[in-house]
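Chain and residue survey
These are the residues of each chain, in order.
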Amino acid sequence: MQHFELKGQIRKVGNKAVIKAFRREGLVPCNLYGNGMDNVLFTVSEKELKGITHNPASYIVDLVLDNGKTYNAVLHELQYHPVKDNCLHVDFLAVNEKKPIAITVPLVITGHAIGVQKGGKFVQRMREVRISALMKDLPDDITVDITDLDLDKKFRAGDIKLDKVTVLTDKDAVICSVKTTRNVAAATETAE
């Protein structure tokens, strides 16, 4: 799994006026918790944060705070402004190498489905899945080969098989499928 370094400044608990002042300066208030530690309140630059939030990849975030401490974390929750669409608050979940981490990773579709070659239509319903693994075993992405996908067949989350990785997404969730089109159905009826 890729790492992303993010620098932050420790902050104190503040009221709405203090939080709004941070946001006017281009800073996003953040909270780090979990892993049996006390909550750590800090701010990060909104511009630097976009390296994680405006990117389809998943990262282990290396938080380097101005008090000299470094933490490994994953994005847990993001809050956005309903109109301006800028990030208002971020919750990070502290992680370590000894406990499994639950994280969402992107899917990479490869191959050319047999069903599409027969005239079917390829439909991708999911672009990412949630998995759990130790930090050293986390993949950057999951590759799904659709070469054997025939007409009216589906590839489900339960079909993903990876060593040392548990798929947390519902096993019956459809990732992609090949649907029969009207032209293929009409050609089949004509042939019969």
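Below you will find a few notes about this structure.

What follows covers the layout of surface pockets. Looking at the largest pocket, its volume works out to about 430 Å³. What lines the largest pocket is a set of 18 residues, among which Ala 57, Ser 58, Leu 75, Ile 103 and Thr 104 lie closest to the centre. Elements represented by at least two residues in the lining of the largest pocket include exactly α2 (46-53), β5 (70-80), β7 (101-110) and β9 (128-133). No other element matches the four residues that β5 contributes to the lining of the largest pocket. Tallied by class, residues from the lining of the largest pocket come to 11 nonpolar, five polar and two charged. Volume-wise, the second largest pocket comes out at about 160 Å³. Elements with a contribution of two residues or more to the lining of the second largest pocket: α1 (16-24), β2 (27-34) and β6 (87-94). It is α1 that provides the largest number of residues to the lining of the second largest pocket, a total of three residues. When grouped by side-chain class, the residues that make up the lining of the second largest pocket number four nonpolar, two polar and five charged.

With six bridges connecting them, strand β1 (residues 3-10) and strand β4 (residues 60-65) associate as parallel partners. Residue His 3 lies in a different strand from β4, and its bridge partner there is Ile 60. Strand direction decides the pairing type here: β1 and strand β3 (residues 37-45), joined by three bridges, are antiparallel. Following the sheet pairing, Gly 8 is matched in β3 by Val 44.

This part is about the sheet that holds strand β8 (residues 121-124). Strand order in the open sheet formed by three strands is β8-β13-β11, with antiparallel pairing between adjacent strands. Each of the sheet's edge strands pairs with one partner strand only, and the pair in question is β8 and β11 (153-156). In this sheet, adjacent strand axes meet at a mean angle of 15° when their direction is disregarded. Bridge count between β11 and strand β13 (residues 174-179): four bridges; the pairing is antiparallel. Residue Lys 153 lies in a different strand from β13, and its bridge partner there is Val 178.

Conventions used here
- Residues numbered from 1 in each chain as written.
- Predicted model: local features only at pLDDT ≥ 70, side-chain atom pairs only at ≥ 80, totals over all residues.
- Heavy atoms only, no water.
- 1 Å grid on protein atoms, 1.4 Å probe; cavity = no way out; pocket = protein on both sides within 12 Å on 5 of 7 lines; lining within 4 Å.
- Points joined across faces, edges and corners; volume = space filled by probe spheres on them.
- Helix = DSSP H or I, 4+ residues; strand = E, 2+ residues; numbered from the N terminus.
- Nonpolar A, V, L, I, M, F, W, Y, C, P; charged D, E, K, R; others polar.
- Pairing = 2+ DSSP bridges.
- Axes fitted to C-alpha atoms, helices over the stretch in contact; angles between N-to-C directions.

Fair warning: the whole summary comes from geometry, so function is off the table for now.
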